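Examining the three-dimensional arrangement
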Amino acid sequence: MKVLLLNGSRREKGCTYTALSLVAKELEKAGIDTEIVYIGLNTVNGKLDELVKECAAKMKEADGLVVGSPVYYASPTGEIQVFLDRFAGVAGGDMRLKPAAAIASARRAGTSTTLDVLNKYLMYNEMPVVSSNYWNMVHGSKPEDVLQDKEGVQIMETLGKNMAWMLKCLEAGKKAGVEAPEKPVKVMTNFIR
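Residue positions are given per chain, counted from 1 along the sequence in the order it is written. It should be noted that, the model being predicted, local features are given only for residues of pLDDT at least 70 and side-chain atom pairs only at 80 or more, the latter also being counted only at that level, while totals for whole chains, interfaces and linings use all residues. No hydrogens and no water enter the side-chain calculation; it runs on all heavy atoms of the structure.

The name that an unreviewed UniProt entry assigns to the chain is Multimeric flavodoxin WrbA, with the source organism given as Acidaminococcus fermentans.

Encoded structure:
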């Protein structure tokens, strides 16, 4: 099994990466492979199509997804949003019914609204959303600050353990013959008469 982790920060090895690494560490302890992909500035420097294609191929093989972003103006970064807009359109079929989680990193506030935006991408694509023992957020201005956020560290570790458990439950269910629900034909309501 493998989980793809997307780092939507403009800083490749900053606070968001630190939080994603904590999740990845717990997944790896449970025997699940991980890969953290830096989205960052690649979405605005002419590499968006290439990055979406690369990550869509990885999502096809992955069993789960974690999307992380720092808070910029009480929202995820523009970079992760433009990436997810394209990625969900390309990889949506390969996201369906795979466990997923969103995490937010902030110096102080805006994490709840950031999680709200990120979770919508997951839920729209029928991904079971994995939770922790509080909102999936960490606080700090620098990676070492994040590691001082003891509650945030525990949240990330618990998230990794919960995702590993869910992945193993799904695998056991498949082995026991539990079939995934068929994808329904989407009904689109038109409010204009």
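That was the structure; now back to the text.
Put simply, DSSP H or I for four residues or longer makes a helix, DSSP E for two residues or longer makes a strand, and each gets a number counted from the N terminus. Counting secondary structure elements, the chain contains 6 helices and 5 strands. Overall, the chain shows an N-to-C arrangement of helices and strands of β-α-β-α-β-α-β-α-β-α-α. Its C-alpha atoms give the chain a radius of gyration of 16 Å, within 12% of the compact-globule value 16 Å for 193 residues. Each of the three principal axes of the chain carries a C-alpha extent, and together these read 45 × 45 × 35 Å. Here's how the labels work: a residue is buried when its accessible area is under 20% of the maximum for its type, exposed when over 50%, partly exposed in between, all with a 1.4 Å probe on protein chains only. Residue burial in the chain is summarised as follows: out of 193 residues, 48% are buried. Contact definition: two residues touch when any of their heavy atoms are within 4.5 Å. Counted over contacts in the chain with a minimum sequence separation of 6, partners at least 24 positions apart contribute 76%. With C-alpha atoms as the basis for the radius of gyration, the globule rule is written as 2.2 Å multiplied by the number of residues raised to the power 0.38.

The criterion for an aromatic pair is that two Phe, Tyr or Trp rings (for Trp, the six-membered ring) have centres within 6.5 Å, with stacked assigned to planes under 30 degrees apart, edge-to-face to planes over 60 apart and tilted to the rest. All chains considered together, the criterion is met by 2 aromatic pairs. Here F83 and F87 contribute two aromatic rings whose centre-to-centre distance is 5.1 Å and whose plane-to-plane angle is 20 degrees, an arrangement assigned as stacked. One end of the pair, F83, and the other, F87, are both in helix 3 (residues 78–95), 4 residues apart, so they sit about a helical turn from each other. In this structure, F83 and F87 share a single accessibility class: buried. Aromatic side chains Y134 and W135 sit 6.0 Å apart centroid to centroid with 45 degrees between the ring planes, which places their arrangement in the tilted category. We classify W135 as exposed; its relative accessible area is 54%.

In the numbering used here, UniProt assigns the feature "domain: NADPH-dependent FMN reductase-like" (unreviewed entry) to residues 1–140. Annotated as 44% helix and 21% strand, the span residues 1–140 places its first and last C-alpha atoms 31 Å apart. UniProt positions are given in the numbering used here, feature names are shortened, and annotations may be inferred rather than shown by experiment.

Attention now moves to helix 4 (residues 111–124). Here, expected helix span is obtained from the residue count minus one, scaled by 1.5 Å. Over its 14 residues, helix 4 extends 20 Å from the first C-alpha to the last, a length consistent with the 20 Å expected when each residue adds 1.5 Å. Three or more residues of helix 4 are buried, namely T111, T114, L115, L118, N119, Y121 and L122. Looking at the buried positions of helix 4, the neighbouring elements they touch are strand 3 (64–70), helix 3, strand 4 (100–106) and strand 5 (137–139).

Let us now look at the packing of helix 2 (residues 48–61) against helix 3. For the pair helix 2 and helix 3, interaxial distance at closest approach is 9 Å and the crossing angle is 30 degrees. Taken together, the axes of helix 2 and helix 3 are roughly parallel relative to one another. Handedness of the crossing formed by helix 2 with helix 3: right-handed. Between helix 2 and helix 3, the residues in contact are L48, D49, L51, V52, C55, A56, M59 and K60 and V82, F83, R86, F87, V90, A91, D94 and M95, respectively. Each residue gets one label: Ala, Val, Leu, Ile, Met, Phe, Trp, Tyr, Cys and Pro are nonpolar, Asp, Glu, Lys and Arg are charged, and the others, such as Gly, are polar. A breakdown of the residues in the contact of helix 2 with helix 3 according to their chemical character gives 12 nonpolar, no polar and 4 charged. Structural elements are reduced to axes, namely lines fitted to C-alpha atoms, with helices fitted over the stretch in contact, and the angle between N-to-C directions of any two is expressed from 0 to 180 degrees. Oblique is the label for every angle not falling under 35 degrees (roughly parallel), over 145 degrees (roughly antiparallel), or within 65 to 115 degrees (roughly perpendicular). Crossing chirality is assigned from the near helix's rotation relative to the far helix, an anticlockwise turn below a right angle marking it left-handed and a clockwise turn marking it right-handed.

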